[in-house]
Amino acid sequence: QVQLVESGGGLVQPGGSLRLSCAASGFTFSSYTMNWYRQAPGKERELVATITTTGGRTNYADSMKARFTISRDNPKNTVYLQMNSLKPEDTAVYYCNAYRKTWGGTTYDYWGQGTQVTVSS
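Residues numbered from 1 in each chain as written. Predicted model: local features only at pLDDT ≥ 70, side-chain atom pairs only at ≥ 80, totals over all residues. Heavy atoms only, no water.

Of note, Asn35 is situated in strand S4 (residues 33-39). Judged by its relative accessible area of 7%, Asn35 is buried. Here Thr50 takes part through its side chain, which lies 2.4 Å from a polar atom of the side chain of Asn35. Within the structure, the side chain of Asn35 is placed 2.7 Å from the side chain of Asn97, a separation counted as a polar contact. Setting aside anything within four residues of it in sequence, one finds Asn35 in contact with Leu47, Ala49, Thr50, Tyr95, Cys96, Asn97 and Tyr99. (Helix = DSSP H or I, 4+ residues; strand = E, 2+ residues; numbered from the N terminus. Buried < 20%, exposed > 50% of the residue type's maximum accessible area, 1.4 Å probe, protein only. Polar contact = N/O pair within 3.5 Å; in protein donor to acceptor, adjacent residues only side chain to side chain. Contact = heavy atoms within 4.5 Å.)

A word on the sheet that holds strand S1 (residues 3-7). Spatial ordering of the open sheet is given by S1-S3-S8-S7, a layout of four strands whose pairing is antiparallel. Where the open sheet ends on each side, the last strands, each with one partner, are S1 and strand S7 (68-73). On average, adjacent strands in this sheet sit at an angle of 15° to one another, irrespective of strand direction. Across six bridges, the pairing between strand S3 (residues 18-25) and strand S8 (residues 78-83) is antiparallel. Across the sheet, Arg19 pairs through a bridge with Gln82, a residue of S8. (Pairing = 2+ DSSP bridges. Axes fitted to C-alpha atoms, helices over the stretch in contact; angles between N-to-C directions.)

Moving on, we get to unusual backbone geometry. In this model, Asn77 sits at a positive phi of 50°, which is unusual for a non-glycine residue. Relative to the elements of secondary structure, Asn77 occurs in the loop between S7 and S8. Judged by relative accessible area, which is 24%, Asn77 ranks as partly exposed. Although it is not a glycine, Ser85 adopts a positive phi angle of roughly 50°. Take Ser85: it is sitting in the loop between S8 and strand S9 (92-101).

Shown next, in the form of structure tokens:
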């Protein structure tokens, strides 16, 4: 059974740091692009960061580019999001996503349950 389990969320002060983890199981992790999304109350879900199958390329939303780092450890089936210089506007539920589209056109799209990040004094 496919599972994506996020962890590492919690309450942090502005300017602080947090590292989110997403543990994957039930599929071939190294064949999937991994993404972090977030959704704040009353806001649309937005893409935070993405990383290719080998970790060779990463991309970030502009507002996170200088502060967040996505990485992956394929032998551990885990993707991370290092979050630095956190701001109150970073408060959201953060979701781990695994995505794959084969040459045959089959799409696989898996989601975790999310982990709450709250940035507040």
